[in-house]
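Fold and contact review
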Amino acid sequence: MDSSLLFAFTKRTLDIIGALVLLILTSPLYLIIGFFYLFGESKGPLLFKQIRIGKNGKKFYIYKFRSMVVNAEEKLISDKNLYKKYLNNNYKLEPHEDPRITRLGRFLRKTSLDEIPQFINVLKGEMSLVGPRPVVEEELIEYGAKVSHFLSVKPGITGYWQVNGRSNVGYPERVDIELFYVYNQSLRLDIIILLKTVLSVITKKGAF
């Protein structure tokens, strides 16, 4: 078997096994976290879905535990100054100034618990455990002439950017970090990233 095909087969097999095991282990959290969505500012759907760009430019819905109010996008866009700051700040806002994020949401983001439903995306084949972080369509412009390279692999729940600063590293530096993985992907690198991800989650480094 060709080495690239062997890598793809092995990676997909590990994705399926890993996602299944982790979904089973984290299944009680759906009930525990879901309880807090029954009342208060978090009241509403448990899951949040948003269109992201996947491999070869294919669009898909990414799943997360909802960390924002129900009408989050409308609330952001209605404040023109804040929305402009959001665009100029790598599509992010500081937690204390973001009117969309709930108190529960801040906790979920800080602990990375909001990412758990993405194991569903992995099982569906839309994402991998490790890969470049999936972006919204507006962010593709940041990759310029190398956008096809960025989109040549499946996006991941975690990746090289995640363990090298995450939200502390914005564009254009993020482009180089994400493309490093694309050009150097291997099972060895995936294992290193997964181990470093555990450490990053524990230390909450770069998470907000």
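Just above sits the structure.
In what follows, the accompanying structure is described. (Residues numbered from 1 in each chain as written. Predicted model: local features only at pLDDT ≥ 70, side-chain atom pairs only at ≥ 80, totals over all residues. Heavy atoms only, no water.)

**Let's talk about the overall build of the protein**
The following threshold applies: A run of H or I in DSSP counts as a helix once it spans at least four residues, and a run of E counts as a strand once it spans at least two, with each numbered from the N terminus. Exposure categories follow from relative accessible area, calculated using a 1.4 Å probe and restricted to protein chains: below 20% of the type maximum is buried, above 50% is exposed, and the middle band is partly exposed. In what follows, a contact means two residues having at least one pair of non-hydrogen atoms within 4.5 Å. All accessible areas in this document rest on Shrake-Rupley with a 1.4 Å probe, and a residue is counted as covered only by the protein chains that are shown. The charge count includes Lys and Arg as positive and Asp and Glu as negative, but it does not include His or the ends of the chains. To locate a charge, take NZ of a lysine, CZ of an arginine, CG of an aspartate or CD of a glutamate.
On a plain count of helices and strands, the protein comes out with 8 helices and 4 strands. Each helix (α) and strand (β) of the protein, taken in turn from the N terminus, gives the series α-β-β-α-α-α-α-β-α-β-α-α. Its C-alpha atoms put the protein at 55 × 40 × 30 Å along the principal axes. The burial tally for the protein puts 44% of its 208 residues in the buried class. In the protein, 69% of the contacts between residues at least 6 apart in sequence involve partners at least 24 apart. Accessible surface computed for the protein: about 11500 Å², of which carbon and sulfur atoms make up 63%. Side chains of the protein give 30 positive and 20 negative charges; the mean places of these two sets differ by 4 Å.

**Points about the environment of Tyr 37**
For Tyr 37, the location among the structural elements is in the loop between helix 1 (3-35) and strand 1 (47-53). Look at Tyr 37 and you get buried, because its relative accessible area is 3%. Note: C-alpha distance between Tyr 37 and Leu 104 (67 residues apart in sequence) is 9.1 Å. The contact partners of Tyr 37, leaving out residues within four places of it in the chain, are Ser 42, Lys 43, Gly 44, Pro 45, Leu 46, Phe 65, Arg 66, Ser 67, Leu 104 and Leu 108.

**Quick look at the packing of aromatic side chains**
Quick note on the threshold: Aromatic contacts are taken between Phe, Tyr and Trp rings whose centres are within 6.5 Å, Trp giving its six-membered ring; a plane angle under 30 degrees counts as stacked, one over 60 as edge-to-face, and the others as tilted. Only when the NZ atom of a Lys or the CZ atom of an Arg is both within 6 Å of the ring centre and within 35 degrees of the ring normal do we say a charge sits over the ring.
Applying the stated criterion to the full structure yields 7 aromatic pairs. Pairing Tyr 30 with Phe 65 gives two aromatic rings, centres 4.9 Å apart and planes at 65°, and the pair type is edge-to-face. In this pair, Tyr 30 is assigned in helix 1 and Phe 65 in strand 2 (residues 59-65), connecting sequence segments 35 residues apart. Seen in terms of ring centroids, Tyr 143 and Tyr 171 are 5.9 Å apart; in terms of plane orientation they differ by 85°. Their pairing is edge-to-face. Here the residue Tyr 143 occupies a position in the loop between strand 3 (128-130) and helix 6 (147-150), and Tyr 171 occupies one in the loop between strand 4 (156-158) and helix 7 (173-184), the gap between them amounting to 28 residues. This pair shows no difference in class: Tyr 143 is buried, exactly as Tyr 171 is. Aromatic ring contacts, followed pair by pair, group Phe 35, Phe 36 and Phe 39 into a single cluster. If you follow Lys 49 out to its NZ or CZ, it ends over the ring of Tyr 61, 4.4 Å from the centre. We note Arg 174 situated over the ring of Trp 161; from NZ or CZ to the ring centre the distance is 3.8 Å.

**Some points on the environment of Leu 87**
Position of Leu 87 among the secondary structure elements: in helix 3 (residues 80-88). Here the alpha-carbon distance between Leu 87 and Glu 139, two residues 52 residues apart in the chain, equals 9.6 Å.

**Quick notes on a nonpolar patch on the surface**
Which entries qualify depends on this criterion: Like-charged residues within 9 Å of one another, or nonpolar side chains (Val, Leu, Ile, Met, Phe, Trp, Tyr) within 5 Å, are grouped into patches, provided each residue has over 30% relative accessible area and no salt bridge. Definition used for salt bridges: Asp or Glu carboxyl oxygen within 4 Å of a side-chain nitrogen of Lys or Arg.
A contiguous nonpolar surface patch, about 520 Å² in accessible area, is contributed by Ile 32, Phe 35, Phe 36, Leu 38 and Phe 39. Within the fold, Leu 38 resides in the loop between helix 1 and strand 1.

**A short note on the packing of helix 7 against helix 8 (residues 187-203)**
This is how the line gets drawn: Lines are fitted to the C-alpha atoms to define the axes, a helix being fitted only along its stretch in contact, and any angle between axes, read from their N-to-C directions, falls within 0 to 180 degrees. Note that the term roughly parallel is reserved for angles under 35 degrees, roughly antiparallel for angles over 145, roughly perpendicular for angles of 65 to 115, and oblique for everything else.
The interhelical angle for the contact between helix 7 and helix 8, taken along N-to-C directions, is 140°, at an axis separation of 9 Å. Of the possible angle classes, the one that applies to helix 7 and helix 8 is oblique. Along its contact with helix 7, which presents Phe 180, Tyr 181 and Asn 184, the element helix 8 presents Leu 189, Asp 190 and Ile 193.

**Examining the pattern of salt bridges**
Enumeration over the complete set of coordinates arrives at 10 salt bridges. Here Glu 137 and Lys 59 are joined by a salt bridge, their closest N and O atoms 3.4 Å apart. Taken together, the positions of Glu 137 in the loop between strand 3 and helix 6 and Lys 59 in strand 2 put the pair 78 residues apart, joining distant regions of the chain. Glu 115 is the salt-bridge partner of Arg 133, the closest N and O atoms lying 2.7 Å from each other. Of this pair, Arg 133 sits in the loop between strand 3 and helix 6 while Glu 115 sits in the loop between helix 4 (103-111) and helix 5 (118-123), and the two are 18 residues apart along the sequence. On the basis of relative accessibility, which here comes to 7%, the residue Arg 133 falls in the buried class. The buried category is assigned to Glu 115, whose relative accessible area is 10%. Where salt bridges share partners, they join Glu 73, Asp 98 and Arg 100 into one cluster.

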